[in-house]
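Here are the chains, one letter per residue:
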Amino acid sequence: FLEIQDFMIASFKRINAQDIEIQQMTPAKFGKKDGFRIDYKFKTEDGIGKTGFLVGTIVEEELHAITYFGTDIHYFDLNKADAEKIIQSISFEK
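On a predicted model such as this, the values are computed, not experimentally measured, just so you know.

Draft legend 1. Inspection of the nonpolar core at higher detail. If you look at the biggest cluster of nonpolar residues, it comprises 10 residues: Ile4, Met8, Ile9, Phe12, Ala17, Phe36, Ile38, Tyr40, Phe42 and Leu54. Taken together, the elements giving at least two residues each to this core come down to helix H1 (2-14) and strand E2 (33-43). Listed in part, the 8 residues of the second largest apolar core include Phe30, Val55, Tyr68 and Phe76.

Now the structure itself:
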């Protein structure tokens with residue numbers, strides 16, 4: 001999990017995220033696959049607080065992940081349930 005966490009933090013720094021804080025890392029389902037969930041917070045360059053989560057899994061040595069975030073005040077909660085439904089609907093085909 002630490003390599004994935006480091007990758008996530010580096011990716012968010014590329015969009016100028018600041019004060020990135022990992023809230024928790026837990027096992028989770030990514031569609032029907034076993035995976036992980038990382039809950040996090042960060043601030044924009046303008047100091048706006050954002051809350052989000054990343055859910056992912058490793059399939060054949062490849063990382064598959066989706067992240068969702070929004071402003072702390074309103075937008076995170078507004079579409080959180082929809083984002084979680086999309087993640088649970090993921091399927092993998094060969």
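Draft legend 2. Structural detail: the sheet that holds E2. Strand order in this open sheet of 4 strands is E1-E2-E3-E4, and the pairing throughout is antiparallel. The sheet is open, and its two borders are formed by strand E1 (18-30) and strand E4 (62-71), each paired with just one other strand. Between one strand axis and the next, the sheet turns through 20° on average, direction left out of account. Note that E1 and E2 share 10 bridges and pair antiparallel.

Draft legend 3. Spotlight on the pattern of salt bridges. One pass over the full model with this rule turns up 4 salt bridges. A salt bridge links Asp34 to Lys29; the nearest nitrogen and oxygen atoms lie 2.6 Å apart. Measuring nitrogen to oxygen at the nearest pair gives 3.0 Å for the salt bridge that ties Asp39 to Arg37. Judged by its relative accessible area of 16%, Arg37 falls in the buried class.

Draft legend 4. Quick look at the environment of Ile66. Turning to its location among the elements, Ile66 is positioned in strand E4. A C-alpha to C-alpha distance of 9.1 Å links Ile66 and Ala83, two positions 17 residues apart in sequence.

Draft legend 5. Quick look at the pairing of E2. Taken together, E1 and the strand that follows it, E2, pair antiparallel across an intervening segment of 2 residues, in which Gly31 is found at a positive phi of about 65°. As judged from the 8 bridges shared by E2 and strand E3 (residues 49-59), these two strands associate in the antiparallel manner. Bridge pairing in E3 places Phe36 opposite Gly56. Hairpin connection from E2 to E3: 5 residues lie between these consecutive antiparallel strands, with Gly47 at a positive phi of about 85°.

Reading guide: rules and limits
- Residues numbered from 1 in each chain as written.
- Predicted model: local features only at pLDDT ≥ 70, side-chain atom pairs only at ≥ 80, totals over all residues.
- Heavy atoms only, no water.
- Core = buried A, V, L, I, M, F, W, Y, C linked by side-chain atoms within 4.5 Å.
- Buried < 20%, exposed > 50% of the residue type's maximum accessible area, 1.4 Å probe, protein only.
- Helix = DSSP H or I, 4+ residues; strand = E, 2+ residues; numbered from the N terminus.
- Pairing = 2+ DSSP bridges.
- Axes fitted to C-alpha atoms, helices over the stretch in contact; angles between N-to-C directions.
- Salt bridge = Lys/Arg side-chain N within 4 Å of Asp/Glu carboxyl O.

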